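Given next are the chains, with one letter for each unit.
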Amino acid sequence: EHSLLEDQKYFLDQIIIELNAESEKGCPYDALVVPGDIYDRAVPPAEAVTIFNSFLNKVHSDFPELKMFFLAGNHDSASRLAFASDFLAESNVFVCTDSQSEKIACPVICGKKGEETAVYQLPFLTPLSIEAESDCEDKYEIILRTQQDLYAHALAKISAVHNEKYPSMPSLICAHLFTSGSEVSDSERSFVGMAEQVDVNLFAPFSYAAVGH
């Protein structure tokens, strides 16, 4: 119940300082990965949106080759974040809000030639946000409700596509969830099943997992 604008400005300034420091050393970053909760509420203050917009403009102007990855967390409004996402992707800003299979299993290839990594993004999943098709002859949709089932299905789908199309390429998964052994903070918004912990072994097929909540 208090303004976070100064904290937001300070934090974003620290990111820019870090990006500059590595660039000056001659080893600039290939990507900036933010695993969800771009804002702290579904309808953020206008000032917070302005600060984030200025940050994107500054970083893209100073580091045009840097790929920036952002996804919708449980504090965000996915529909609002989706605005202009296709246009932003042309500027190396990739905002993931869609949990449809064809979207989440389509990676962004990041890194220099010979050192590429396939980056996958998975937004916060709510009950019914993903449907799985049965393996029976009479096909029907299986409704997934728990966090464990939702992420197990999504991560398995992503892993299968990666192994088929990019078998020798490292993979990075960016997701928004709690994993086994993590703690729930007092600031979390209430969703049915939101605080469920997902088995960390689901991430085993990936080279690296960036997980936030």
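Basis of the calculations
- Residues numbered from 1 in each chain as written.
- Predicted model: local features only at pLDDT ≥ 70, side-chain atom pairs only at ≥ 80, totals over all residues.
- Heavy atoms only, no water.
- Helix = DSSP H or I, 4+ residues; strand = E, 2+ residues; numbered from the N terminus.
- Buried < 20%, exposed > 50% of the residue type's maximum accessible area, 1.4 Å probe, protein only.
- Contact = heavy atoms within 4.5 Å.
- Areas by Shrake-Rupley, 256 points an atom, 1.4 Å probe, with all protein chains shown as cover.
- Polar contact = N/O pair within 3.5 Å; in protein donor to acceptor, adjacent residues only side chain to side chain.
- Pairing = 2+ DSSP bridges.
- Axes fitted to C-alpha atoms, helices over the stretch in contact; angles between N-to-C directions.
- Phe/Tyr/Trp six-rings, centres within 6.5 Å; stacked < 30°, edge-to-face > 60°.
- Expected span 1.5 Å × (residues − 1).
- Arc of directions from axis to C-beta.
- Salt bridge = Lys/Arg side-chain N within 4 Å of Asp/Glu carboxyl O.

Participant: An account of the overall build of the protein chain is requested, with residue identities and associated values reported.
Facilitator: The helix and strand tally for the protein chain stands at six helices and eleven strands. Considering the protein chain as a whole, with its 213 residues, one finds that 39% of them fall into the buried category. In the protein chain, once contacts between residues fewer than 6 apart in sequence are set aside, the share between residues at least 24 apart is 69%. Carbon and sulfur atoms provide 52% of the accessible area of the protein chain, an area that totals close to 12200 Å².

Participant: Tell me what's going on with the side chain of Gln-8, and back it up with residues and numbers.
Facilitator: Within the element layout of this structure, Gln-8 appears in helix α1 (residues 5-24). On the basis of relative accessible area, Gln-8 is assigned to the buried category, the value being 19%. A distance of 3.3 Å separates a polar side-chain atom of Gln-8 from the backbone oxygen of Ala-48. What Gln-8 contacts, discounting residues up to four positions off in sequence, is Ala-48, Ile-51 and Phe-52.

Participant: Give a description of the sheet that holds strand β3 (residues 93-96) that names residues and reports values.
Facilitator: Strand order in this open sheet of three strands is β1-β2-β3, and the pairing throughout is parallel. This sheet does not close on itself; its edge strands, each paired only once, are β1 (31-34) and β3. Put simply, the sheet's adjacent strands are angled 10 degrees from each other on average, direction ignored. The sheet contact formed by strand β2 (residues 67-71) and β3 spans four bridges and is parallel.

Participant: Lay out the packing of aromatic side chains in plain terms, naming residues and giving numbers.
Facilitator: In total, this model carries three aromatic pairs according to the counting rule given. Centre to centre, the rings of Tyr-39 and Phe-52 are 5.9 Å apart; their planes meet at 80 degrees, and the pair counts as edge-to-face. Taken together, the residues span a long stretch of sequence, with Tyr-39 in the loop between β1 and α2 (46-62) and Phe-52 in helix α2 at a distance of 13 residues. Each member of the pair, Tyr-39 as well as Phe-52, carries the same accessibility label: buried. On the numbers, 5.2 Å between centres and 85 degrees between planes, the contact of Phe-52 with Phe-70 is edge-to-face. With Phe-52 in helix α2 and Phe-70 in strand β2, the pair connects residues that are 18 residues apart, well separated along the chain. Among the residues examined, Phe-52 registers a relative accessible area of 13% and is labelled buried. What makes Phe-70 buried here is its relative accessible area of 3%.

Participant: Explain the sheet that holds strand β11 (residues 208-212) to me, and be specific about the residues and the numbers.
Facilitator: Spatially, β4-β5-β8-β11 is the arrangement adopted by the four strands of the open sheet, whose pairing is mixed. This sheet does not close on itself; its edge strands, each paired only once, are β4 (108-110) and β11. The mean angle between the axes of side-by-side strands here comes to 25 degrees, regardless of whether they run parallel or antiparallel. Relative to β11, strand β8 (residues 171-176) runs parallel, the two being bridged by five bridges. Bridged to His-176 within β11 is Gly-212. Seen against the sheet, helix α6 (residues 147-165) touches β5 (117-122) and β8 and runs at an angle of roughly 155 degrees to β5.

Participant: Describe α1, naming the residues involved and giving the relevant values.
Facilitator: A turn of α-helix holds 3.6 residues, and therefore any two residues three or four places apart point the same way. The terminal C-alpha atoms of α1 lie 29 Å apart, and with 20 residues this matches the ideal 28 Å at 1.5 Å per residue to within 8%. Three or more residues of α1 are buried, namely Gln-8, Leu-12, Ile-15, Ile-16, Leu-19 and Glu-22. One side of α1 carries all its buried residues, which in axial view fall inside an arc of 130 degrees. Opposite the buried face of α1, at more than 90 degrees from it, the exposed residues are Glu-6, Tyr-10, Ile-17 and Glu-24. Just downstream of α1 lies Gly-26, where phi reads positive at about 85 degrees.

Participant: Give a detailed account of the pattern of salt bridges, specifying residues and quantitative values.
Facilitator: This model, assessed by the stated rule, comprises six salt bridges. Residues Lys-112 and Asp-30 are paired through a salt bridge, measuring 3.6 Å at the closest nitrogen-oxygen approach. Residue Lys-112 is located in the loop between β4 and β5, and its partner Asp-30 is located in the loop between α1 and β1; the two are separated by 82 residues in the primary sequence. Note that Asp-62 is salt-bridged to Lys-58, the shortest N-O span being 2.9 Å. Placement of the pair is Asp-62 and Lys-58 together in helix α2, with a separation of four residues, close to one helical turn. Taking the relative accessible area as the measure of exposure, Lys-58 reaches 40% and is therefore partly exposed.

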